[in-house]
Every structure is written in structure tokens, then in C-alpha cells.
Amino acid sequence: MGSTVYFEPIPWGMWSEDPAGFAAALGASFRETGFAVVASHPVASEVIDGAYAASKAFFALDKEAKGRYHDPDGAGQRGYTPFGKEHAKDKSARLPDAKEFFHVGRRLPEEAWTAVMKPTPSVREIETFDDDTYALYHALDQFGRELLRAIALHLEVPDDLFDGAVAAGNSVLRLLHYPPQPNAPPPGAIRAAAHEDISVITLLLGAEEAGLEVKHRSGEWLSLNPPPGSIVINCGDSLQRLTGGALPSTTHRVVNPTPERALFPRYSSPFFLHFEPDFVIEPIPSALHPEPPITADDFLMERLTAIGLVKAAAKSVSA
Ligand SMILES: O=C(O)CCC(=O)C(=O)O
Ligand SMILES: [Fe+2]
């Protein structure tokens, strides 16, 4: 038996030249690991650089300034979340992750804001922060919608099935900062503990700095270090639910740096592409193990409670 090559980059150009081939390669990678690497992606490097400069400038602010963008009742869905708030679902591993992050949400007309789709706080210390980070949000949103067409082709569902469901989706761009670790962290503390994403798909930039690991169904942890210019795509719980597990939401984590990289920070930026809150996640005809329909918002709240961002008693955040 030949050895399996995981995460072989799939060139984005293939989508226009050979759509069926691209959809098949993406689908095969998802079915094998829940993850795929797409090379030569269409997100402009100036857009990425602008957002990363804004992100680095934000995390360099002092604790007090950053704290002004933290909404303790907001379940971390918009603005800043300091160290120590998010943890793994597994109660035995409840050491907080060694990370802080900022969530950028969709811009909507004022009358469309709701308790679940709130405005993103405007960062006043950094003049271009709002626009530079939203430019990346927008680019990943567009790219993600195109990827969903390929996924629809692979699943043999109408190619616009996802389009209407995500056009005004509750998607979130997470700007992440994992600081350097000059001293070894406490035993069991890790940059990001093992978890699954709640999204439909996640588009992840920044994993060139090592640490991302994906749990293969064989139980083996696979390191994922994409080449420059590529992007990591993974299936989230919402796509797993829609496909009855055919496209799996795979457990992943970010491990601590090796001694040689311990003095380097790690900046990454997953874009969690979500359905609109009212969209009913109903199993597609080819679903492997269909589960009952549920609205995207109820599903999100169920999952946020499991990771500690929504307290069980505060579920009314969705009301
Ligand atoms: O930082 C990374 O590479 C991955 C982060 C991640 O998996 C998450 O925030 O959900
Ligand atoms: Fe994740």
C-alpha cells in the first residue's frame, strides 16, 4: 500500500479550468481529513498585509485599551476576547488557551442589527483598523461563497444551495494572536486546545507559522504547514450537520512552539463562514447519518455554550 499524502495543495486555477476536477479533489480531501489546502488563492496580498498590520497594531495596545473592545455579555462574537476565555469542550482540559482574539462581523444596515448579528466595535486607536480588517472579511466572504459552489457540485446539490443561505450569514473573521512563550507554559496549557469549528467552512490564513495539527480518524495528529500563498479550508460542524457527517468537522489544535520558535508570536486569521441565523440546517438527500433540522442560530448557541463562550443561563443572547 502506498503512503497517503495529506493536504496536497489544490490549485485554485483548476476551479475555472476543470470545475469537476477541482470539486472532486476538494471533496476527496475533506472526506479524508476534513481539511484541504488551496494553492494560489484569489485573496490579494495587499488585503492580507493590511489586515495583518492592523491586527498586530491592535494586539500591541495595552491591556486597558484592548479591554474597551471586550463585551462581557457578547459571548465573544464581536470585538476583543482576552486571554483565558475560550477553552476546549472537554471539561478535563479546562486550562485556558494561550491566545487573545478580535472578531470582525458582517456590516449590515443599522435596522438589520439583532442580538446575534451586532455591529463590530470601531477601533479608534488605529485609524485604518476597521476598513483594513473588513477588506479581508469581504475578500474571504466572496472566496468562501465560490468554494461553496464547488462543495455543492461535489455533493450533487443545486450549485446555489449555499448562496442564499450564506449571503447575509453570521460569518466572523477572527484575528488571532498567540504571544511568544519565553517561559514554558504550565503543563497542559496549549496555544489552542483541540476543538472543532462551528462554521459551515473555515478559511484559515496564517498557518505558515507552525503549530496547527489535525486529528485524522486513525487517531494520528497530522501537522499542517501550508506553503506560502495557500490557504487552509476546513469543514465545520454546520456542514457536518447538513451532510450527516459525510463532510466531517475534524478536531484540530494549535500546539506550543518548538524551542527554536518560542520567541516568535503567531498571528493567524480563521474566517468562520456561517449560515444566516434563520437558515434551517436540514440534511441533504445524500446525508450519511441525517439529524433533525435545526436553525443555524440555535445550532450556534448550542455550540457556543459547549465551549464556554455562552453561559448556559445566558442563552437568551439568541432571543
Ligand atoms: O490559529 C490557527 O491556525 C487555527 C485557529 C483555530 O483553529 C480557531 O481559532 O478555530
Ligand atoms: Fe478552529
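Throughout this description, residue numbers start from 1 for each chain and increase along the sequence as written. Here the convention is simple: chains get letters from A, ligands get numbers from 1, in the order in which they are written. The predicted origin of the model limits local features to residues at a pLDDT of at least 70 and limits the giving and counting of side-chain atom pairs to 80 or more, whereas totals for whole chains, interfaces and linings rest on all residues. Excluding hydrogens and water, the side-chain values take into account all heavy atoms of the structure.

- The protein chain is annotated in an unreviewed UniProt entry as 2OG-Fe(II) oxygenase family Oxidoreductase of Thecamonas trahens ATCC 50062.
- UniProt positions are given in the numbering used here, feature names are shortened, and annotations may be inferred rather than shown by experiment. Turning to the protein chain, the UniProt record has this under Sequence similarities (unreviewed entry): "Belongs to the iron/ascorbate-dependent oxidoreductase family."

Remarks on the overall build of the protein chain
Working step 1: Counting from the N terminus, the helices are the DSSP runs of H or I reaching at least four residues and the strands are the DSSP runs of E reaching at least two. The helix and strand tally for the protein chain stands at eight helices and 14 strands.
Working step 2: With C-alpha atoms as the basis for the radius of gyration, the globule rule is written as 2.2 Å multiplied by the number of residues raised to the power 0.38. Taken over the C-alpha trace, the protein chain has a radius of gyration of 19 Å; the compact-globule value for 319 residues is 20 Å, and the two agree within 12%.
Working step 3: For the protein chain, the spread of C-alpha atoms along the principal axes amounts to about 50 × 50 × 40 Å.
Working step 4: Three exposure classes are used, based on accessible area relative to the maximum for each residue type with a 1.4 Å probe and protein chains only: buried under 20%, partly exposed in between, and exposed over 50%. When each of the 319 residues of the protein chain is scored for burial, the buried share is 51%.
Working step 5: Side chains of the protein chain carry 28 positive and 42 negative charges; the gap between the two charge centres is 8 Å. Only four residue types enter the tally: Lys and Arg on the positive side, Asp and Glu on the negative side; His and the chain ends are excluded. For charged residues, the charge sits on one atom: NZ in Lys, CZ in Arg, CG in Asp, CD in Glu.

A closer look at the side chain of serine 29
Working step 1: Relative to the helices and strands, serine 29 resides in helix α2 (residues 19–33).
Working step 2: Separated by 2.7 Å, the side chain of serine 29 and the backbone oxygen of phenylalanine 35 make a polar contact.
Working step 3: Once you skip the residues sitting within four places of it in the chain, serine 29 turns out to touch Gly34, Phe35 and Ala36. Here a polar contact means two N or O atoms within 3.5 Å. Within protein one must be a hydrogen donor candidate and the other an acceptor candidate, and residues neighboring in sequence count only if both atoms are side-chain atoms. By definition, residues are in contact when any of their heavy atoms lie within 4.5 Å.

Side note on the coordination of the iron ion (ligand 2)
The textbook angles at a metal center are 109.5 degrees for a tetrahedron of four donors and 90 or 180 degrees for an octahedron of six.
Working step 1: Keep in mind that water is not among the atoms, so a site may look incomplete; donors are the N, O and S atoms within 2.8 Å of the metal, or 3.2 Å for Na, K and Ca. Summarising the metal site, the iron ion (ligand 2) is bound by the protein donors His195 (NE2), Asp197 (OD) and His252 (NE2), whose distances to it range over 2.1 to 2.2 Å.
Working step 2: Here the donor residues of the iron ion (ligand 2) are spaced in sequence according to H-x1-D-x54-H. Taken together, the positions of aspartate 197 in the loop between β6 (192–195) and β7 (201–205) and histidine 252 in strand β11 (residues 252–254) put the pair 55 residues apart, joining distant regions of the chain. This pair shows no difference in class: aspartate 197 is buried, exactly as histidine 252 is.

Focus: the site of ligand 1
Working step 1: In the region of ligand 1, the neighbouring residues are Arg174, Leu176, Tyr178, His195, Asp197, Leu204, His252, Val254, Arg266, Ser268, Pro270 and Phe272.
Working step 2: Here an oxygen atom of ligand 1 sits 3.0 Å away from a polar atom, N or O, in the side chain of arginine 174.
Working step 3: Note that accessible areas follow from Shrake-Rupley with a 1.4 Å probe, and for residues the cover is restricted to the protein chains shown. Isolated, ligand 1 exposes 290 Å² of accessible area, and the fraction of that covered by the protein chains is 97%.
Working step 4: Mapped by element, the contributors of at least two residues to the shell around ligand 1 are β5 (172–178), β11 and β12 (266–273).
Working step 5: Note on residue categories: nonpolar means Ala, Val, Leu, Ile, Met, Phe, Trp, Tyr, Cys or Pro, charged means Asp, Glu, Lys or Arg, and polar means any other residue, Gly included. When its residues are assigned to classes, the shell around ligand 1 shows six nonpolar, three polar and three charged. In these notes, residues near a molecule or strand are those with any non-hydrogen atom within 4 Å of it.

Remarks on the packing of α2 against helix α5 (residues 129–155)
Working step 1: Lines fitted to C-alpha atoms define the axes here, with helix axes fitted over just the stretch in contact, and angles between the N-to-C directions of these axes take values from 0 to 180 degrees. The geometry of α2 relative to α5 is characterised by a closest axis approach of 8 Å and an angle of 85° between their N-to-C directions. As far as their axial angle goes, α5 and α2 are roughly perpendicular. Contact with α2, carried on its side by Pro19, Ala20, Phe22, Ala23, Leu26, Gly27, Phe30 and Arg31, involves Leu147, Ala150, Ile151, Leu153, His154 and Leu155 of α5 and no other residues of that element.
Working step 2: Of the residues belonging to the contact of α2 with α5, the class tally is 11 nonpolar, two polar and one charged. When an angle is under 35 degrees it counts as roughly parallel; over 145 it counts as roughly antiparallel; between 65 and 115 it counts as roughly perpendicular; any other value is oblique.

Considering the sheet that holds strand β9 (residues 221–223)
Working step 1: Here, a strand pair is defined by DSSP locating no fewer than two bridges between the strands. With antiparallel pairing, the four strands of this open sheet are ordered in space as β6-β11-β8-β9. Single-partner strands in this sheet number two, and they are β6 and β9. Taking each pair of neighbouring strands and ignoring which way they run, the sheet shows an average axis angle of 20°.

Comments concerning the sheet that holds β7
Working step 1: Strand order in the open sheet formed by eight strands is β1-β2-β10-β7-β12-β5-β4-β3, and the pairing between neighbours is mixed. A single partner strand is all that each edge strand has here, and the edge strands are β1 (10–11) and β3 (79–81).
Working step 2: Sitting on the sheet, helix α3 (residues 45–59) is in contact with β3, β4 (100–105), β5, β7 and β12, with an inclination near 115° to β12.
Working step 3: Along the sheet face, α5 touches β2 (35–39), β4, β5, β7, β10 (230–235) and β12 and points at about 130° away from the line of β7.

Considering the side chain of threonine 133
Working step 1: Relative to the elements of secondary structure, threonine 133 occurs in helix α5.
Working step 2: In terms of polar contacts, threonine 133 uses its side chain to reach the backbone carbonyl oxygen of phenylalanine 129, at 2.8 Å.
Working step 3: At a separation of 3.3 Å, a polar atom in the side chain of threonine 133 contacts the main-chain carbonyl oxygen of aspartate 130.
Working step 4: Apart from residues no more than four positions distant in its own chain, threonine 133 is found in contact with Ala51, Ala54, Val104, Leu173 and Leu175.

Some details on the UniProt feature "domain: Fe2OG dioxygenase" (unreviewed entry) in the protein chain
Working step 1: If you check UniProt for "domain: Fe2OG dioxygenase" (unreviewed entry), the listed places come out as residues 168–275 in our numbering.
Working step 2: Secondary structure content for residues 168–275 is 6% helix and 37% strand, while the C-alpha to C-alpha distance between its ends is 8 Å.

Focus: the environment of leucine 212
Working step 1: Structurally, leucine 212 is set in strand β8 (residues 212–215).
Working step 2: On the basis of relative accessibility, which here comes to 4%, the residue leucine 212 falls in the buried class.
Working step 3: Sequence separation between leucine 212 and arginine 253 is 41 residues, and the spatial gap between their C-alpha atoms is 5.8 Å.
Working step 4: Leaving out residues up to four positions away in the same chain, leucine 212 has contacts with Phe35, Leu204, Ala207, Leu222, Ser223, Leu224, Val232, His252, Arg253, Val254 and Arg266.

Considerations on the packing of aromatic side chains
By convention here, two paired aromatic rings are described through the distance between centres and the angle between planes.
Working step 1: Aromatic rings from Phe, Tyr and Trp, with only the six-membered ring used for Trp, were paired whenever their centres fell within 6.5 Å, and each pair was classed as stacked if the ring planes differed by under 30 degrees, edge-to-face if by over 60, and tilted otherwise. Under the defined criterion, the tally for this structure stands at 13 aromatic pairs.
Working step 2: Taking the centre distance of 5.4 Å and the plane angle of 80° together, the rings of tryptophan 12 and phenylalanine 22 count as edge-to-face. Taken together, the positions of tryptophan 12 in the loop between β1 and α1 (14–17) and phenylalanine 22 in helix α2 put the pair 10 residues apart, joining distant regions of the chain. Taken individually, tryptophan 12 and phenylalanine 22 each receive the classification buried, so the pair is uniform in this respect.
Working step 3: With a centroid separation of 5.7 Å and 55° between ring planes, the pair formed by tryptophan 15 and phenylalanine 22 is classed as tilted.
Working step 4: For tryptophan 15, a relative accessible area of 14% puts it in the buried group.
Working step 5: Two conditions define a charge located above a ring, namely a distance within 6 Å from the ring centre to NZ of Lys or CZ of Arg, and an angle within 35 degrees of the ring normal. For the cation-ring pair, arginine 174 lies above phenylalanine 101, with the distance from its terminal atom to the ring centre recorded as 4.0 Å.
Working step 6: Between the NZ or CZ atom of arginine 253 and the centre of the ring of tryptophan 221, over which it lies, the distance is 3.8 Å.

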